[in-house]
Amino acid sequence: MGLFILRRVGVMLLTALCLTYVVFFMTNLYPNLEKLAKTQGNFRMSDEAVASWLDDRGYLQSTPKKYAEWIGVIPSKRTVLEDGTEIGRCIPPGVEAADAPSFCGILQGYWGWSTVFKKPVGEIVGTRLSLTGFLMLCVMLLMVPSALLIGVLAGMREGSTLDRSLSTVSITTTATPEYVSGVIFIAVFASSAVGLKWFKGSATKAMEDPTFENFFLPVLTISLYGMGYIARMTRASMAEVMTAQYIRTARLKGVSFGNIVMKHALRNALIAPFTVIMLQIPWLLNGVVIVETLFNYKGFGWTLVQAASNNDIELLLGVSVVSVVVVLVTQLISDIGYVYLNPRISVT
Amino acid sequence: MEPLSFGGVTSAILWQFMPVWISLIALFAVSITYKRKLGLYGKLFDSTIGMIGFALVMFWVFTAFYSTVFDLIYTHDPLAQVSRMKNKVPGTPLPKPGDGDYAHYLLGGDKLARDVFSRMVVGSAIVVAIAPLATLFAFMVGITLGLPAGYYGGRLDTVLSFLANLILAFPVILLFYLLVTPEIVATGLPQYMAVVLFVFPLVFCGVLIHSRYRTQPSKNALRLAIVLIPLILIYMSLINESGSKIAFWPLDFFDIPGGTLVVFVSVVFVNSPTVFRIVRGLTLDIKTRDYVAAAQTRGERPWYIMLWEILPNARGPLIVDFCLRIGYTTILLGTLGFFGLGLPPESPDWGSTINEGRKLLSVYLHPALPPAIALLSLVLGLNLLADGLREESLRD
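Each value, and the rule that gives it
Residues numbered from 1 in each chain as written. Chains lettered and ligands numbered in written order. Predicted model: local features only at pLDDT ≥ 70, side-chain atom pairs only at ≥ 80, totals over all residues. Heavy atoms only, no water. Contact = heavy atoms within 4.5 Å. Buried area = accessible area lost by both parts, 1.4 Å probe. Salt bridge = Lys/Arg side-chain N within 4 Å of Asp/Glu carboxyl O. Polar contact = N/O pair within 3.5 Å; in protein donor to acceptor, adjacent residues only side chain to side chain. Helix = DSSP H or I, 4+ residues; strand = E, 2+ residues; numbered from the N terminus. Buried < 20%, exposed > 50% of the residue type's maximum accessible area, 1.4 Å probe, protein only. Lys, Arg positive; Asp, Glu negative; His and termini not counted. Axes fitted to C-alpha atoms, helices over the stretch in contact; angles between N-to-C directions. Parallel < 35°, antiparallel > 145°, perpendicular 65-115°, else oblique. Nonpolar A, V, L, I, M, F, W, Y, C, P; charged D, E, K, R; others polar. Left-handed = near helix turned anticlockwise from the far one by under 90°. Phe/Tyr/Trp six-rings, centres within 6.5 Å; stacked < 30°, edge-to-face > 60°.

With 40 residues of chain B at the interface, the matching set in chain A holds 49 residues. Surface buried jointly by chain B and chain A totals about 4,000 Å² across both partners, of which 79% is contributed by carbon and sulfur atoms. Remark: the boundary between chain B and chain A carries 2 salt bridges. Between Arg232 of chain A and Asp387 of chain B there is a salt bridge, with the nearest N and O atoms lying 3.0 Å from each other. Linking chain B to chain A there are 4 residue pairs in polar contact (both at pLDDT 80 or more). Where the side of chain B that touches chain A is concerned, the elements lending two or more residues are helix 6 (154-168), helix 7 (172-180), helix 8 (182-187), helix 15 (315-338), helix 16 (350-358) and helix 17 (369-395) of chain B.

Below, the structure is given as structure tokens:
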């Protein structure tokens, strides 16, 4: 087991390195850098001025070298300008060059400087991530129990009316992307045109003070899309378990239907959905970006959109590192959990 | 002119869709009559779920067909702005209709005073054209790489699976933002990706024919020529675009308009790793069967076994996944439109219209709801269709 985890962690680190390198390469393509120079320096800069601005700040080095600087394994480049000030990646605004460290990268805990928010990237990612973490937690609390409940209810008597109707509900939710269900929910429950006004159409206030009124719609919107898929997996797994021999034996011995479901079937039926739930987290990340944009909840997904559309290179890099790590860690947990829950699978 | 009432709007919309209703009824009548002779397609008409799904899908397919080919169904030019129609409610009459103009905005006007109904109808064409085609390309890529990965295993499998997992670990929206921004498009990166991704259908068709007719050189050459020459011509005009990084081919028949190619490439790119994993898994399962061993004993070449023994036997799950994946691609296209990526901002595709409409949602519902419901019904139709197909293909 230890060796298995070690190998998986190794592959995970390799994947993370490859992915961040790809993101690094694409955000550091020359047109992006040119735009950065023009927004940070001066919009009317000539091509030579852009090139020298970028060169002074170390942007024109080769991509592997810049990447290594960003990771923090080689010291970053510094340039002394004509007026005597020293500039470089490691010298944030307001810090003396002599005080700044020579290594500054992810490994040293330095994530860079956001050009949009004018703050260190680490700080932004931290606060935004905690907001989104709370959103995700609420989503999980709503989505997982209801999905499992729907799946188990549908799967315990395959082909019954209850099964048919619950299955149709779960197909419908998987067919409704967040930007459709969100729009419909806002239209029905929050707009002045319909007039119900049960909930708020914007979750901006929920960042400081989440209440049921301003926070339920975003949570419901994200949950619904993921719910159908998990429910269908649970249903399939439950239906399969219910046809197993040991369930028939239990029934012939006179165990009541409720006890069969609760004591005999449930545990085996929940192995497959566990993996699905963990693998669903990357998809939730997607939903989070859409829902945070739609409801104007300024969390992690909203930050991603802001960073990407405003060409904030270091913030975008920070955001992608975090999201890639989240995806990879959930994959790892799902693999380990699957092996742990299912004794029939051996790791060797 | 009087504004239309709710009933008036409903009946007028139903009337506008008349060609679609007629085609749907004709299609269903013919299919149900001959369903015993139509194989898997005919069996679909045994399941209610499948029929509902198929009807929803064909509704949008016919709508797209009639609105692009015959200019039917939609009532106004989807891009035309009529003054004093901004944000008007459904059923509002035009202030000064000209000769031959339709007198009402059936589903009202959006914030730029364009007809919401017409934009929804014309927007269907974009989705119905791109989504199945992009899915087909993703399948070609996934099949061409997944079959050898599963069949040979070993180092090839390790490398390809690692690459697939790499792409799958990317958050989709981040990938879209990285690929579809104008700066990246200016570097030509999506076009280079198109060059690579669009080769796979050529390789697939070529290998498919060659592995079958390898022993009959005359037939082989003829068939290869018939299939590959048009494909190569299309491929070359597809990747060449005058005024971009790749423009060397003289016979450039068509240019893909504004950003569509980029959207297409990124959607194919996101979808192919999943298809790869499915095909690889199916291949691993099927290659242990007796008929594969028989073919190996006969001395068939590996590619013949993969494409003519394994692939046809994997068709059931693949067809079901194809339907589901078209729905997923539709959602992805909507996501792109929702973030205003790729397609031009005035484009009537559903994602962009939802994005435009949502900004005024607390006051005006009618610009955002029709495209949202349209997208929902198409994806739901595809999912139900997939469900029906799965049920019917499992039955025997």
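That was the structure; now back to the text.
Residues and elements named next belong to chain A. Within the element layout of this structure, Glu69 appears in helix 4 (residues 63-71). Of the side chains with opposite charge, Lys65 lies nearest to the buried Glu69, which makes no salt bridge, at 4.2 Å. Polar side-chain contacts of Glu69 include one of 3.2 Å to the side chain of Gln61. Ignoring sequence-local partners within four residues, the contact set of Glu69 consists of Gln61, Ile74, Pro75, Ser76, Lys77, Arg89, Cys104 and Gly105.

Our focus in this paragraph is the packing of helix 5 (residues 116-152) of chain B against helix 14 (residues 302-313) of chain B. Residues and elements named next belong to chain B. Put simply, helix 5 and helix 14 touch, their axes get as near as 11 Å, and they point 105° apart. Compared by their axis directions, helix 5 and helix 14 come out roughly perpendicular. Each of Ile143, Thr144, Leu147, Pro148, Tyr151 and Tyr152 in helix 5 lies in contact with helix 14, whose residues at this interface are Pro302, Trp303, Ile305, Met306, Leu307, Ile310 and Leu311. Considering only residue class, the contact of helix 5 with helix 14 consists of 12 nonpolar, 1 polar and no charged.

We now examine the packing of helix 11 (residues 271-295) of chain A against helix 15 of chain B. Taken N-terminus to C-terminus, the directions of helix 11 of chain A and helix 15 of chain B make an angle of 40°; their axes are 12 Å apart at the nearest point. Relative to helix 15 of chain B, the crossing made by helix 11 of chain A is left-handed. Residues Trp283, Ile290, Thr293 and Leu294 of chain A of helix 11 of chain A form the contact with helix 15 of chain B, whose own contacting residues are Tyr328, Thr335 and Phe338 of chain B. Here the residues of the contact of helix 11 of chain A with helix 15 of chain B are counted per class, giving 5 nonpolar, 2 polar and no charged.

Looking now at the pattern of salt bridges. On inspection of all chains with the given rule, the structure shows 14 salt bridges over all chains. We note a salt bridge from Asp46 of chain B to Arg36 of chain B, for which the minimum N-O separation is 3.5 Å. Here Arg36 of chain B lies in the loop between helix 2 (18-33) and helix 3 (39-43) and Asp46 of chain B lies in the loop between helix 3 and helix 4 (48-69), a separation of 10 residues in the sequence. Judged by its relative accessible area of 63%, Arg36 of chain B is exposed. For Arg289 of chain B, the salt bridge goes to Asp285 of chain B, with nearest N and O atoms at 3.4 Å. Judged by its relative accessible area of 36%, Arg289 of chain B is partly exposed. It is possible to trace a salt-bridge network through shared partners that takes in Glu158, Asp163 and Arg235 of chain A.

We now examine the packing of aromatic side chains. All names here are of chain B. Applying the stated criterion across every chain, the model contains 32 aromatic pairs over all chains. Both rings, one in Phe17 and one in Trp21, keep their centres 6.3 Å apart while their planes meet at 65°; by these two values the pair is edge-to-face. When its relative accessible area of 5% is taken as the criterion, Phe17 is described as buried. For Trp21, a relative accessible area of 29% puts it in the partly exposed group.

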